[in-house]
Amino acid sequence: MSLLVLVLSVSAACCLGFGFVLQQNAASRAPLNDFLSPRLLLDLIRVPRWLGGIGLMVCGMVLGAVALGKGEVSQVEPLLATNLLFALGLSRHQTKKPLGRQGWSGLALLAGGVTAFILAGRPRGGDAVSDPLRHWLIIGVMTGLALLLTTYAKRSRLGAAPVLLALAAGMLYGVQDALTRVSGQRFGAGGWGELLTAWQPYAVLVLGVSGLVLVQSAFETAELRMSLPALTAAQPLAGILCGVGFLGDRLRTDVGALTWEAAGLAAIVTGIVLLGMHPAMPAGAKRTEPARDLQRR
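This section reports on the structure supplied with the text. (Residues numbered from 1 in each chain as written. Predicted model: local features only at pLDDT ≥ 70, side-chain atom pairs only at ≥ 80, totals over all residues. Heavy atoms only, no water.)

Each helix and strand in the protein chain was counted, giving 12 helices and 0 strands. In terms of C-alpha radius of gyration, the protein chain reaches 18 Å, essentially the compact-globule figure of 19 Å for 297 residues. C-alpha extents for the protein chain along the principal axes are approximately 50 × 45 × 30 Å. Looking at the 297 residues of the protein chain, the share that counts as buried comes to 53%. Intrachain contacts of the protein chain at a sequence separation of at least 6 include 88% that bridge at least 24 residues. Surface exposure of the protein chain reaches about 13300 Å², of which carbon and sulfur atoms provide 67%. Side-chain charges of the protein chain comprise 25 positive and 15 negative groups, with the mean position of each set lying 9 Å from the other. (Helix = DSSP H or I, 4+ residues; strand = E, 2+ residues; numbered from the N terminus. Rg over C-alpha atoms; globule rule 2.2 N^0.38 Å. Buried < 20%, exposed > 50% of the residue type's maximum accessible area, 1.4 Å probe, protein only. Contact = heavy atoms within 4.5 Å. Areas by Shrake-Rupley, 256 points an atom, 1.4 Å probe, with all protein chains shown as cover. Lys, Arg positive; Asp, Glu negative; His and termini not counted. Charge placed at Lys NZ, Arg CZ, Asp CG, Glu CD.)

The next thing to look at is the environment of M277. For M277, the position within the fold is in the loop between α11 (255-276) and α12 (291-294). A residue is classified by how much of its surface remains accessible, and M277, at 39% relative accessible area, is partly exposed. Sequence spacing of M277 and L40 is 237 residues, and the spatial spacing of their C-alpha atoms is 25 Å. Apart from residues no more than four positions distant in its own chain, M277 is found in contact with Q102, R225 and P229.

Looking now at the packing of helix α1 (residues 3-27) against helix α4 (residues 73-80). For any two helices packed against each other, the geometry is given by the interaxial angle and the distance between the axes. Axis separation between α1 and α4 bottoms out at 8 Å; the angle between their running directions is 40°. Relative to α4, the element α1 lies oblique. Here the hand of the crossing between α1 and α4 comes out right-handed. For the pair α1 and α4, the contacting residues are V5, L6, S9, A12, A13 and L16 in the first and Q75, V76, L79 and L80 in the second. Here the residues of the contact of α1 with α4 sort into 8 nonpolar, 2 polar and no charged. (Axes fitted to C-alpha atoms, helices over the stretch in contact; angles between N-to-C directions. Parallel < 35°, antiparallel > 145°, perpendicular 65-115°, else oblique. Left-handed = near helix turned anticlockwise from the far one by under 90°. Nonpolar A, V, L, I, M, F, W, Y, C, P; charged D, E, K, R; others polar.)

Our focus in this paragraph is the nonpolar core. Grouped together as the largest cluster of nonpolar side chains are 77 residues, with contacts concentrated most on L228 and L231. Ranked by the residues each element gives to this core, the list is headed by helix α8 (residues 161-196), at 13 residues. Beyond its immediate stretch of four places on either side in the chain, L228 contacts F20, N83, L84, A87 and M281. (Core = buried A, V, L, I, M, F, W, Y, C linked by side-chain atoms within 4.5 Å.)

Structure, rendered in structure tokens:
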């Protein structure tokens, strides 16, 4: 991995982490009748704190897109997962709560897991799969799972909905990252003409807006610790699957490497959960109304 990819990815993670905290601070005060509705974005756009959070998230996405253009999805995605470290840092500043054993353990597991996965897997580029069926199969499975989780979230009580919505958004963002890389490759090969005549950039836009509505609805209905861990864990896993599945990313596949890669991913997920559930993460407004009741209004 080049130093430039590392710096771009970590900078993107910093912007994303800070942006998520500011967005949740604002979304937790939004009216519940906007749950899973584009109206939620129209309400939030008038809140300066939320706009600041969106601005940071856009900066993070741009930096992440540049990193994806210069590195492999399987390299960049684990580094983007460190956004939770920066989110916890800002949350700790707001709440003044110490890291404690849980915080330090989560930090060590997340950092160690990212390091183990990258060193063991040694992600490298290869030839993208040309079979469109494979592309659509993987993308269809990811978006289908996201739709299924969203549908169930509508019918569940608010206690389960934030986690399900965050998982769905993470899957969409993982696919979005993969298609962002494809869009960058098309632009590099043929400029704006090649880019604007392809379907990938428009899919990136649709996935981004859809993921944003899901994330803000998750932030609206529960504490950040209920949604951010699921979002942060699902995105890199979905992105790595797309990278290996149809973008041509290659990982080492001998027994030792696979063992360390699996251990690294497990450590990343465990660290994300520990950090996301840390008491320093800000609490949102208390919600007790079933999400399904909101749909009848």
